[in-house]
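Structural description and commentary
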Amino acid sequence: MESGKSFLAVLKRLGIHLFLWVLVLLFFSFFLGLEAGSFSEKIGFSAFLLPVTILTTYVVIYHLIPRYLLPKKYFRFALYSFYTLVVSAVFIIISAFYAFVIALKLEWNESLPISKSIFYIMITIYLVVVIASAFSLLKNNYTSAAKNEELKNRILEAQLKLKEQELHYLKMQIHPHFLFNTLNTIYGLSLSNNAKTPEMILQLSELLDYILYQTRKPVVKLKDEVNHIRNYIDLEQKRFQDALSINLDIDPIPEHLEISPMLLLPLVENSFKHGKDAQGSLRIKLHLKITGSNLNFEIINSKAEKNPVSESQGIGLKNIRRRLEILYPHHFELKIHNLTEEFRAFLYVNLHQNPQKIE
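Please read all numbers here as calculations on a predicted model, not as lab measurements. (Residues numbered from 1 in each chain as written. Predicted model: local features only at pLDDT ≥ 70, side-chain atom pairs only at ≥ 80, totals over all residues. Heavy atoms only, no water.)

So, the overall build of the chain
Helices and strands together make up the secondary structure of the chain, namely eight helices and seven strands. In the chain, which comprises 359 residues, the share counted as buried stands at 36%. In the chain, once contacts between residues fewer than 6 apart in sequence are set aside, the share between residues at least 24 apart is 72%. When the accessible surface of the chain is summed, it comes to about 21,500 Å², and 62% of that surface belongs to carbon and sulfur atoms. (Helix = DSSP H or I, 4+ residues; strand = E, 2+ residues; numbered from the N terminus. Buried < 20%, exposed > 50% of the residue type's maximum accessible area, 1.4 Å probe, protein only. Contact = heavy atoms within 4.5 Å. Areas by Shrake-Rupley, 256 points an atom, 1.4 Å probe, with all protein chains shown as cover.)

Details of the packing of aromatic side chains
The description of an aromatic ring pair uses the distance of the two centres, along with the angle that the planes make with each other. Counted according to the given criterion, the structure contains seven aromatic pairs. Ring geometry for Trp21 against Tyr58: centres 5.9 Å apart, planes inclined by 80 degrees, an arrangement best described as edge-to-face. Here Tyr58 lies in helix H2 (residues 39-69) and Trp21 lies in helix H1 (residues 2-31), a separation of 37 residues in the sequence. On the accessibility criterion, Trp21 (13% relative accessible area) is buried. Residues Tyr80 and Tyr83 carry aromatic rings whose centres are separated by 6.1 Å and whose planes lie at 55 degrees to one another, so their mutual orientation is tilted. With Tyr80 and Tyr83 both in helix H3 (residues 74-103), this residue pair falls three residues apart, about one helical turn. (Phe/Tyr/Trp six-rings, centres within 6.5 Å; stacked < 30°, edge-to-face > 60°.)

Details of a nonpolar patch on the surface
Where nonpolar side chains cluster on the molecular surface, the patch consists of Phe82, Tyr83, Leu85, Val86, Val87, Val90, Phe91, Ile94 and Tyr98 and spans about 840 Å² of accessible area. Along the chain, Val86 falls in helix H3. (Patch = residues over 30% accessible without salt bridge, like charges linked within 9 Å, V, L, I, M, F, W, Y side chains within 5 Å. Salt bridge = Lys/Arg side-chain N within 4 Å of Asp/Glu carboxyl O.)

Thoughts on the environment of Tyr126
Looking at where Tyr126 falls in the secondary structure, it is placed in helix H4 (residues 114-191). Residues Tyr126 and Ala89, spaced 37 residues apart in sequence, show a C-alpha to C-alpha distance of 9.6 Å. Of the polar contacts made by the side chain of Tyr126, one reaches the side chain of Ser88; its length is 2.7 Å. (Polar contact = N/O pair within 3.5 Å; in protein donor to acceptor, adjacent residues only side chain to side chain.)

What to know about the sheet that holds strand E5 (residues 294-302)
The strands that make up a sheet are held in pairs by hydrogen bonds between backbone atoms, and each pair lies either parallel or antiparallel. The strand order E2-E4-E5-E7-E6 describes an open sheet built from five strands, whose pairing is mixed. Only two strands of the sheet have a single partner each, and these edge strands are strand E2 (244-250) and strand E6 (332-338). The sheet shows a mean angle of 5 degrees between the axes of neighbouring strands, direction not considered. With nine bridges joining them, E5 and strand E7 (residues 342-350) adopt antiparallel strand pairing. What sits directly across from Glu298, in E7, is Phe346. Lying on the sheet, helix H6 (residues 222-240) is in contact with E2, strand E4 (282-291) and E5; it crosses E2 at an angle near 165 degrees. Sheet strands touched by helix H7 (residues 265-274): E2, E4, E5 and E7. Its angle to E5, the strand with the most contacts, is close to 5 degrees. (Pairing = 2+ DSSP bridges. Axes fitted to C-alpha atoms, helices over the stretch in contact; angles between N-to-C directions.)

A word on unusual backbone geometry
With the exception of glycine, the majority of residues adopt a negative phi angle, and the majority of peptide bonds are in the trans configuration. Unlike most non-glycine residues, Lys72 shows phi in positive territory, near 65 degrees. With respect to the secondary-structure elements, Lys72 resides in the loop between H2 and H3. One non-glycine residue, His330, lies in the positive phi region at around 70 degrees. The topology assignment puts His330 in the loop between helix H8 (311-327) and E6.

Quick look at the pairing of E7
The pairing of E6 with E7 spans seven bridges and is antiparallel. Bridging across to E7, Glu333 finds its partner in Tyr348. Hairpin connection of E6 to E7: three residues between the antiparallel strands.

Quick look at H7
Across the ten residues that make up H7, a large majority, nine, are buried. For H7, the full list of buried residues reads Leu265, Pro266, Leu267, Val268, Glu269, Asn270, Ser271, Phe272 and His274.

Considering the environment of Arg321
Secondary-structure assignment places Arg321 in helix H8. Taking C-alpha positions, Arg321 is 9.8 Å from Lys335, a pair spaced 14 residues apart along the chain. Setting aside its immediate chain neighbours within four residues, Arg321 contacts Phe332, Leu334 and Ile336.

Observations concerning the nonpolar core
Counting 40 residues, the largest nonpolar core has Leu222 and Leu288 as the members making the most contacts within it. Counting only elements with at least two residues in this core, the list comes to H6, E2, H7, E4, E5, H8, E6 and E7. No other element matches H6, which puts six residues into this core. The contacts of Leu288, once residues within four sequence positions are left out, are Val226, Asp249, Ile250, Asp251, Ile253, Leu264, Leu295, Asn296 and Phe297. If you look at the next biggest cluster of nonpolar residues, it comprises 19 residues, including Trp21, Val24, Leu50 and Phe100. (Core = buried A, V, L, I, M, F, W, Y, C linked by side-chain atoms within 4.5 Å.)

Considering the side chain of Thr53
The topology assignment puts Thr53 in helix H2. Judged by relative accessible area, which is 0%, Thr53 ranks as buried. If we ignore the near neighbours within four places in the chain, the residues touching Thr53 are Trp21, Phe28, Ile125, Val128 and Val129.

Focus on the confidence of the model for the chain
On average, residues of the chain score 78 in pLDDT, and 78% of them reach the 70 mark or higher. Long-range and interchain partners of residues 108-116, a stretch whose pLDDT sits below 50, account for twelve contacts in this model, where long-range means more than four residues apart. (pLDDT = per-residue confidence, 0-100.)

So, in structure tokens, the structure goes:
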């Protein structure tokens, strides 16, 4: 089947070339200035000039241009073009001579007009070569542009798939980490037969629904993300009880605002996990401000005076930053301040910009 298609393509190409050279033959017959001759004499005269025209044209467009001009070997292209010009000029003179003698049946002792018309004949032939070369260059440019565009699309598609895989991997890092912490909280309460354990299990089931199903979406309502933050904080309050002091300052959330899921929750989780001071107390301040479509989220937690950022906390913050770079390129700002007695994380996101559609 493929061989049949290629054979038809070759036949089509040969047909196009044959048609174009017939047009060139008619062009020569009309423009080479043999007004006194009959139509058959004009065709016969032009036929003698056609082989050298075809050969010169094909040498230029199939050898000189692709081998030397397109690879930018300009010196060799100029040198071999000069050789081609000299050789073709010799053959044009020979072809014209035989055309006058054979096609026009002029005798040796007759005055041949070749000395007057040979320059015009050369100009006409080289005009055909130049036109064919120009079309060849245009075709090469178009083909190269098409290939470059296809290559660019393939590269973009590959980058898109890589980003999709990377984002999926980053999310997988978040989910087990978050679930592990929450289950530890419930486990600690269950050991003491705390009456709030069933309520916490119910809250965890809601969080699981959010993590396992809602986070598959490219965006969720900001209001839902904040509600699940409140849910998580409520779980942690049951665990820390009097050891926890938390101050929430959250603006009313407009219904239309959306955000990529699990961007804010890991910051809150980090504060609970790493926020104990030297006395075992935990102080957290959370501020969420909405200005138009701009989200400003800041969370401040206490820490032991000489407690550096742990490896897991550092990985978590890098994880969040990488997700922001993928989802909100050039439309976010994440600032981290590791101070002596507290740790601050500030996040700005322009929610007017939809996350990159790669999920």
